Amino acid sequence: MEGYSLTRVIAALVAGLAAGYGIAIPVGAVGVYLVSLTARTSLWVGACAALGVATADGGYALAAVVGGSALTDAIAPIAALLRWASAVVLCGLAVLVAATGVRRYRAGESAHGTVAGTVTSPLRAYLSLLGITVLNPATVVYFAALVLGGQATVAATPATAAVFVLAAFAASASWQLVLATGGSLVGHLVTGRRGRLATALISSAVILALALTIVV
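Values in this document were obtained by computation on a predicted structure and should not be read as measured data.

Rules used throughout
Residues numbered from 1 in each chain as written. Predicted model: local features only at pLDDT ≥ 70, side-chain atom pairs only at ≥ 80, totals over all residues. Heavy atoms only, no water. Helix = DSSP H or I, 4+ residues; strand = E, 2+ residues; numbered from the N terminus. Buried < 20%, exposed > 50% of the residue type's maximum accessible area, 1.4 Å probe, protein only. Contact = heavy atoms within 4.5 Å. Areas by Shrake-Rupley, 256 points an atom, 1.4 Å probe, with all protein chains shown as cover. Expected span 1.5 Å × (residues − 1). Arc of directions from axis to C-beta. Core = buried A, V, L, I, M, F, W, Y, C linked by side-chain atoms within 4.5 Å. Patch = residues over 30% accessible without salt bridge, like charges linked within 9 Å, V, L, I, M, F, W, Y side chains within 5 Å. Salt bridge = Lys/Arg side-chain N within 4 Å of Asp/Glu carboxyl O. pLDDT = per-residue confidence, 0-100.

Scanning the protein from N- to C-terminus turns up 10 helices and 0 strands. In the protein, the order of α-helices and β-strands from amino to carboxyl end is α-α-α-α-α-α-α-α-α-α. Classification of the 216 residues of the protein by burial places 41% in the buried group. Considering only residue pairs separated by 6 or more positions, the protein has 89% of its internal contacts joining residues 24 or more positions apart. Of the roughly 10500 Å² of accessible surface on the protein, 73% is carried by carbon and sulfur atoms.

Time to look at helix 6 (residues 122–134). Across its 13 residues, helix 6 extends 18 Å between first and last C-alpha, which sits within 8% of the 18 Å expected from 1.5 Å per residue. Among all positions in helix 6, only Ala 125, Leu 129 and Thr 133 are buried. Taken end-on, helix 6 shows its buried residues confined to a sector of 55 degrees, consistent with a single buried face.

Taken as a class, soluble globular proteins show a tendency for nonpolar side chains to be buried jointly. Counting 17 residues, the largest nonpolar core has Ala 61, Val 65, Leu 90, Tyr 142, Phe 164, Val 165 and Ile 207 as its most contacted members. Ranked by size, the runner-up nonpolar core spans 10 residues in total, among them Tyr 33, Leu 34, Val 53 and Ala 180.

This part covers a nonpolar patch on the surface. On the surface, a nonpolar cluster with roughly 280 Å² of combined accessible area is contributed by Leu 6, Ile 10 and Val 14. With respect to the helices and strands, the residue Ile 10 is situated in helix 1 (residues 2–24).

Turning our attention to the environment of Val 32. Residue placement: Val 32 occurs in helix 2 (residues 29–40). Taking the relative accessible area as the measure of exposure, Val 32 reaches 5% and is therefore buried. Residues Val 32 and Ala 180 lie 148 residues apart in sequence; the distance between their C-alpha atoms is 9.3 Å.

In this section: the environment of Gly 101. By the element assignment, Gly 101 lies in helix 5 (residues 79–107). The class of Gly 101 is buried, set by a relative accessible area of 8%. Expressed as a C-alpha distance, the spacing of Gly 101 and Thr 199, which sit 98 residues apart in the sequence, is 8.2 Å. Non-local contacts of Gly 101, meaning those with residues more than four positions away in its chain, are made with Leu 197 and Ala 200.

Moving on: the confidence of the model for the protein. Per-residue pLDDT for the protein averages 74, and the proportion of residues at 70 or more is 69%. Mean pLDDT values for the elements of the protein range from 55 in helix 8 (residues 151–154) up to 85 in helix 6. Low pLDDT, under 50, characterises residues 111–118; the predicted model gives this stretch 11 contacts beyond four residues in sequence or across chains.

The structure is reproduced here in structure tokens:
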């Protein structure tokens, strides 16, 4: 029994890390903001902004887990159908991420000139990025689809639920901190046309893999 529980915890950990990276990797306006903000202010300010993004992602993961747990009994009769529906939602998000990346690349959109603002304090940076990320509806849809689709693993016990949420937060935080601490070097590599296309396609692949995991 202990081995089975440990297996579930490890599965929840892997699922949380994959979920966190899947939502965090695409470099859009938030990623560009982090790079620019760190370059204009300090590493501490940039790190606080990165944690604001991760907090929002972790909060949505927690909300999805809590909501999913409450609905476990209600959705049991349609669990199989729900898994397929969740997989379809994730596939749609994966296609959207990839299509957006390709469109931006073909349009020759540049990260330069897209970032504005005068955030200078660590607290203001944290709250600003937290608010921006919370307002992204795709984030809650993404985590809800993952949790409801993988109910047996993610929300099987309080321990697996906690591991999933913490892993999602850690994954998001680690990627955002890479962007922040990388400064201008990472900015040129990742927020350029090719970098943004690459991160969009990588994220799309991760999300598709999660969808396949749900149905398989």
